[in-house]
Each structure stands twice: as C-alpha cells, then as structure tokens.
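Spelled out from the first residue to the last, the chains are:
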Amino acid sequence: MSAAMDTESTYSGYSHYSGHSKKAHRQGRDRHKSPRSKDGSRSEKSVTIQTPPAEPLLGNDASRAEEGQDDNWGETTTAITGTSEHSISQEDIARISKDLEDSVGLDCKRYLGLTVAAVLGLLVFLTPIAFILLPQVLWRDDLEPCGTVCEGLFISVAFKLLILLIGTWALFFRQPKADLPRVFVFRALLLVLIFLFVFSYWLFYGVRILDSKDTNYQGIVQYAVSLVDALLFIHYLAIVLLELRQLQPMFTVKVVRSTDGESRYYSLGHLSIQRAALVVLENYYRDFTVYNPALLTASKSRAAKHMAGLKVYNVDGNNASGQSRAMIAAAARRRDSSHNELYYEEADHERRVKKRRARLVVAVEEAFTHIKRLQAEEQQKAPGETMDPREAAQAIFPSMARALQKYLRTTRQQQYHSMESILQHLSFCITNNMTPKAFLERYLNPGPTLQYDRDRWFSKQWTLISEEAVTSGLQDGIVFVLKCLDFSLVVNVKKIPFIKLSEEFIDPKSHKFVLRLQSETSV
C-alpha cells in the first residue's frame, strides 16, 4: 500500500512513504497500537460515529515513534492504510445504538421546545389584534362610534406591537449554540407566565365582552392596549432574567485539563451548572491549546521501557500482587538513574527542535524571497500570463516542504496540518502580502482548538458529570466534570469573597513643612 519516497523530491514527501519488509510492518503495527482504543471502548456516555478525516500531512504513526530515531526516519516509515486494528463487541454496539436513540430524543426535545415557543409567540401577537377586530366582525352595528382618542389608541397599539416584535426577535430568535441536557429554567418560567397571562386576558375578554357584547368600543381598544403594555413589561423581565442577571461576576472557576494539567481561570455570574459548563466550553475552544495526545506518549514509552527491563520469577508460587510489589521495588531502586535519562532526553529533543526550527525559518524566508522575485517579473508580463496566489503557493511550496515536514514530525503536530491546509494558508499569506514570520506563526506555536479544522478536533461531544442537579445554580465548592472521549475538563467553583473597603482621611496640612535656614555668622 505504500510507495517509495524519493529523497530528492520534497513535494511528494507528504503523500507517499517507502515500505519496510513484512516483518517490520507487523512489528511497527504492534508497537504503535494506540492505547486510546481501549479507553474509547470504556466511554460511558459519549460515542461519536464519524467518517475518516482528510489525509493528514503525515501518518499518525509518526507521532508514536521513539525519540532515538535518526533525522531521516520519516523516509523509511511504513504507512498502513485501508486496515482496521480495532474490534467492537456486542456491548459496544448496544451502547452506540443507545447513544443514537438519545441523540434522536435530544433533537425531538429541541424541536418540540421551538414549536411550543413559536406557537405561543404567534398567539401573543395575534391576541391584541383579535381583541380589536372581533367586535367589528360580530356586532359592528351596535358599537359606539370610535372618537379621536380611540383612533389614537390604534396608532399606540401598532407601534407597541412593532417594538415588541423587534425586541422578541433580538432576544429569543437566535441560533442555538448547544443542546443542553435540561431545559433552561428561567426561559420555561417565562413561557408559563406568558401563557397564563394571555389565557387570563382571553378568559376575561370572553366573559365580560364577548358574552355581553359590550358596545363601548373605546374601552375594548383600551383593554387591548393594556395587554400590549403588560407584554412589554414581561419582555423587560425576560431581559433582566436572561441577560442582565448573569453579567455581574460572582464566582471564579478553575478549569483543568486532565491529561496535561493545562488550566485557566474564568469569572462567572449567577448561572446554572449546565449553562456554566457551556460558557466553559466556549472559552475552552478559544483559550486552551489544541489537545495533542502525541505529546503524552514520551512519558508512557519511557515508563514502559523501564518496566520492560525488569524480570520477575515466580519461584515459590506467590500471587500476582507479590510480583507487582517486586516490580515496584525494583523500579524504585532504579529511580536515581531515571532522572538523568529524562534530562538528557529532553535536552536532545530541545536541540533537535531548535535545529529544525532554524532550518524551517531559513527555508520559508528563501521561499518568500523567491515570491518577491516572481512578483517583480510578473509586473513586466502581460496581464494574462500572471499567476494567481494559489499557483504561486504551489510553486514555492516544494522548497519549504521538507523542512516543514521534519519540524512538524519533531514537534508532533503533523496530524493537525494536511498539505491542502498548508497550501491554503500559504496562498492566504501571499494574497495579503504577509511576511514569513506571519506564515510560520501557525506552526511554530500551537494555537487554540478553533484554529484547526473540525476533523482534527479530539473533543466534539461532551458529557456533563455533576453530583448536583445541572439546573441548580453555582455555589461555592461545587465541582463538575466535562468529559469527552479522550480527556476531561475538571471545573472547580469558588465564590468571589466579599471585599470591605475603608476610607482614611489625610489632612492636607499634614504635608506642609517649614524650612528654616540659619544664617552664617562671621567668626
């Protein structure tokens, strides 16, 4: 399945790899099996079925290679395609089907809520108009004439309904950002309040106006105006409960990623646990660096290497716990030398990263210098012979491809950058006349999750785990967990302490002083 890669052709190095023998192929596959497949099978609530992502710049096997390989190890790496190393049991199939049923239930619940809100909103806007039109339709000849004041009330009702319509559109008609596990309590209370309010007005209208066929048309119009005024006050109440109440910071939350310990602090107001979790996830995609599991394999391989050198012989038939204690004791005796190995491994890795970074910077600067020369030559050509930014990017990309390939392999970022995405970014930089430093910023410093394509994310579906009800408000000391397939975010809530300030008055005269000089006397 893999093709031989020409060492002199750098452009084709991103799509083909040379093959090993079948023995090396089987050994490499067994050695590089990811332990995450086991963790993924133990996921309790979040199972996501996805199509395979686009072809990355380098194979994922490169991120799991050992540190001791030479600089050209990528040229002799076997790429395994079209095979699957994961198995699935009957329990996994049942769990996946359950998750699919839950997702269908969430969609039905979301559309049901939108339907109820839309029907109720339509009823609210049609009710004042119906109050005014029904007497004109049913007993028009018996109504008293509408004077100037009554006609002015028509204008008042029209403009108030227009204001209410614009405010409702701005507050409620928004595209939902997430599917929460429970309903929003304040929003549900407002819907119930509006329903009871409109129902009460219709009940009073039916008993006192429709049954008796009231002839005071001005009073009927005034009744409709009072309904619109009350709806405007309810809209103001919705703004206070849904928007203004949560603006004042009351809590500080610490968010820690479970795998690498990266943490951030955020200030939140009065929110429920599920809405606080939504705010945390929105900030996570923006502030946290992208999750890279390849960076965690070094410590695991180091621990496995130390444990592989230990052999335990079962002489007297002791149980497995005795063997484990013996291995732990032997590992503790080798602790004095392990820190030296860690120090030299990290120092060697930093040296290789600096060296390949310098090569990459030089290669990119030379490529952009070549672009400037091409632009100067194209100005002298005819308009139909000039290259577009995409063609210019394809022209200079082979000169920097090899250096970029090796740097991404060394820093274990190759799974986040495909060749197509690099070409698009390069053409974008050429179009906007950006410098080489601006082009390299994306690759030299790992960015937040939003910077990368969605098919590169390891966190798409989340599960909220909390001992308290997710609809309850935040309190001091609450801890909840946001769990995805490969890692979790642990959120610890602390209340902002009450601050007491006192004032101390300083008398302005206390800063004044008198300088007295003694005159010199002759001796």
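Residues numbered from 1 in each chain as written. Predicted model: local features only at pLDDT ≥ 70, side-chain atom pairs only at ≥ 80, totals over all residues. Heavy atoms only, no water.

For the chain, the name recorded in an unreviewed UniProt entry is VANG1 protein, with Pitta sordida as its organism. The record in UniProt for the chain states the following under Subcellular location (unreviewed entry): "Cell membrane". Per UniProt, the comment on the chain under Sequence similarities (unreviewed entry) is "Belongs to the Vang family." (UniProt positions renumbered as here; feature names shortened; annotations may be inferred.)

Student: I tried to follow the packing of aromatic side chains on my own but got confused; where do I start?
Tutor: By convention here, two paired aromatic rings are described through the distance between centres and the angle between planes. Overall, the coordinates contain 20 aromatic pairs when judged by the stated rule. Taking the centre distance of 6.3 Å and the plane angle of 70 degrees together, the rings of Phe 184 and Phe 186 count as edge-to-face. Centre to centre, the rings of Tyr 284 and Phe 487 are 6.1 Å apart; their planes meet at 40 degrees, and the pair counts as tilted. Pair noted here: Tyr 284 is in helix α7 (residues 273-287) and Phe 487 is in the loop between β4 (479-483) and β5 (488-495), with a separation of 203 residues, a long-range link. (Phe/Tyr/Trp six-rings, centres within 6.5 Å; stacked < 30°, edge-to-face > 60°. Helix = DSSP H or I, 4+ residues; strand = E, 2+ residues; numbered from the N terminus.)

Student: What's the story with the pattern of salt bridges in this structure? I'm lost.
Tutor: Where charged atoms of side chains with opposite charge meet at close range, the side chains can pair. According to the stated counting rule, one finds 10 salt bridges in the structure shown. Between Glu 243 and Arg 174 there is a salt bridge whose closest N-O contact spans 3.3 Å. Of this pair, Glu 243 sits in helix α6 (residues 217-244) while Arg 174 sits in the loop between α4 (148-172) and α5 (185-210), and the two are 69 residues apart along the sequence. Residue classification places Arg 174 among the partly exposed positions, given a relative accessible area of 49%. A cluster of three or more residues bridged by salt bridges with shared partners is formed by Arg 257, Asp 260, Glu 262 and Arg 264. (Salt bridge = Lys/Arg side-chain N within 4 Å of Asp/Glu carboxyl O. Buried < 20%, exposed > 50% of the residue type's maximum accessible area, 1.4 Å probe, protein only.)

Student: Quick question: what am I supposed to make of unusual backbone geometry here?
Tutor: Negative phi characterises most residues that are not glycine, and trans characterises most peptide bonds. Phi is positive for Lys 213, which is not a glycine, with a value near 50 degrees. With respect to the helices, strands and loops of the structure, Lys 213 is situated in the loop between α5 and α6. Look at Asn 433: it is not a glycine, yet its phi comes out positive at around 55 degrees. Assignment of secondary structure puts Asn 433 in the loop between α12 (419-431) and α13 (436-444). We classify Asn 433 as exposed; its relative accessible area is 65%.

Student: Sorry if this is basic, but what is going on with the packing of α4 against α6 here?
Tutor: When two helices pack together, their arrangement is given by the angle between the helix axes and the distance between those axes. At a minimum axis distance of 10 Å, the contact between α4 and α6 shows a crossing angle of 20 degrees. Considering their axes alone, α4 and α6 lie roughly parallel with respect to each other. Note that α4 runs across α6; the crossing there is left-handed. When the residues that make up the contact of α4 with α6 are grouped by side-chain class, the tally is 19 nonpolar, 6 polar and 3 charged. (Axes fitted to C-alpha atoms, helices over the stretch in contact; angles between N-to-C directions. Parallel < 35°, antiparallel > 145°, perpendicular 65-115°, else oblique. Left-handed = near helix turned anticlockwise from the far one by under 90°. Nonpolar A, V, L, I, M, F, W, Y, C, P; charged D, E, K, R; others polar.)

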